[in-house]
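# Understanding the architecture of this molecule
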Amino acid sequence: MTRRTIVVTGAASGIGADICKALTREGARVIAVDRNPVAGLEESLQADLTRPDEVAALIKALPEGLDGLANSAGLPPTAAAEAVLRVNLIGLKQLTLGLIPKLADGASIVNLASLAGVGWPDHLPQVRRTLALQPEDDVAGFCAAEGLNRPDGRSYFLSKEALIVWTLQNRWTWRSRNITMTCVSPGPVETPILKDFVATLGARVEEDMRVMDRPGRPEDIAPVVCFLLSEAAKWLRGTNIEADGGMNRHILSQQHGL
């Protein structure tokens, strides 16, 4: 990872902060991005991914020749539905697509999805409608029309389902430049927003944590992201790595009676 320049969003806390630490230990130049100030790194930029103008300014401010992008910024299901879709998907897409011309050949893009996106095959019509959203669209109106303004966390699940699908769709989009896109899907992780998941999803999260031996930790996830950002992972394209302590495999086993 030495001499590689990596942009990490959501860098001020949680998994994003641990990704920055792990990359720095491996000798990478890290450019941290967050809506809040980022402590402990020489290079950082502030931007709110709910605001298309700030995303556009961020794209302009970032340098040429980037070797990687870790899209780690995310909002929990307790946030307003429009904000969840903008940060977890729409702003992420705007930033990623805007940075393609600034990425070096051979660069890696890693998206932080979630175990919450496991049900994407069952919701493809809604996922496709969500992926069609553009930054300038009436996202609040879309959320109202889709019934997403409700306290069950559907906006969060949908954002992660769509992100997994978008990653899959872009498995070969920039193959001529050897730019890869993959994603990582953690389960429940001990971060500052874990309480928000418990508050919204309640029994479901508690059941997941009961089945698992423990919740994940940021340090469980960061090395997986670092690997996907490295040259060693260049043969992985459109892959979703389930870094969830086996929870996805547990769900699959139950579905098939294994």
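Note: the structure precedes this text.
Residues numbered from 1 in each chain as written. Predicted model: local features only at pLDDT ≥ 70, side-chain atom pairs only at ≥ 80, totals over all residues. Heavy atoms only, no water.

Our next topic: the layout of surface pockets. Considered as a void within the structure, the second largest pocket measures approximately 440 Å³ in volume. Taken together, 27 residues line the second largest pocket, and the ones lying closest to its centre are Gly 117, Val 118, Gly 119, Trp 120 and Pro 121. Of all the secondary structure elements, the ones that give two or more residues to the lining of the second largest pocket are α6 (154–169) and α10 (247–255). (1 Å grid on protein atoms, 1.4 Å probe; cavity = no way out; pocket = protein on both sides within 12 Å on 5 of 7 lines; lining within 4 Å. Points joined across faces, edges and corners; volume = space filled by probe spheres on them. Helix = DSSP H or I, 4+ residues; strand = E, 2+ residues; numbered from the N terminus.)

Turning to the nonpolar core, a few remarks are in order. Core analysis: the biggest nonpolar cluster contains 47 residues, and Leu 62, Leu 85, Leu 95 and Ile 109 have the highest contact counts within it. At nine residues, the largest contribution of residues to this core is made by helix α3 (residues 81–99). Residues within four places of Leu 62 in sequence aside, it is in contact with Val 7, Ile 31, Leu 45, Leu 95, Leu 99 and Lys 102. Counting 26 residues, the second largest nonpolar core, distinct from the first, contains Ala 32, Ala 222, Leu 229 and Ala 233. (Core = buried A, V, L, I, M, F, W, Y, C linked by side-chain atoms within 4.5 Å. Buried < 20%, exposed > 50% of the residue type's maximum accessible area, 1.4 Å probe, protein only. Contact = heavy atoms within 4.5 Å.)

With that out of the way, let us pick up the environment of Ala 232. Mapped onto the elements, Ala 232 comes out in the loop between α9 (218–229) and β7 (240–241). Each C-alpha atom of the pair Ala 232 and Arg 86 lies 32 Å from the other, and the pair is 146 residues apart in sequence.

Applying the stated rule across the entire model yields 11 salt bridges. The partner of Asp 105 in a salt bridge is Arg 177, with the nearest N and O atoms 2.7 Å apart. Remark: Arg 177 occurs in the loop between α6 and β6 (180–184) and Asp 105 occurs in strand β5 (residues 103–112); sequence separation between them is 72 residues. Taking the relative accessible area as the measure of exposure, Asp 105 reaches 59% and is therefore exposed. (Salt bridge = Lys/Arg side-chain N within 4 Å of Asp/Glu carboxyl O.)

For Asn 111, the position within the fold is in strand β5. Among the polar contacts made by the side chain of Asn 111, one reaches the side chain of Asn 71 at a distance of 2.9 Å. (Polar contact = N/O pair within 3.5 Å; in protein donor to acceptor, adjacent residues only side chain to side chain.)

Take it as geometry only, folks, not as evidence of what the structure does.
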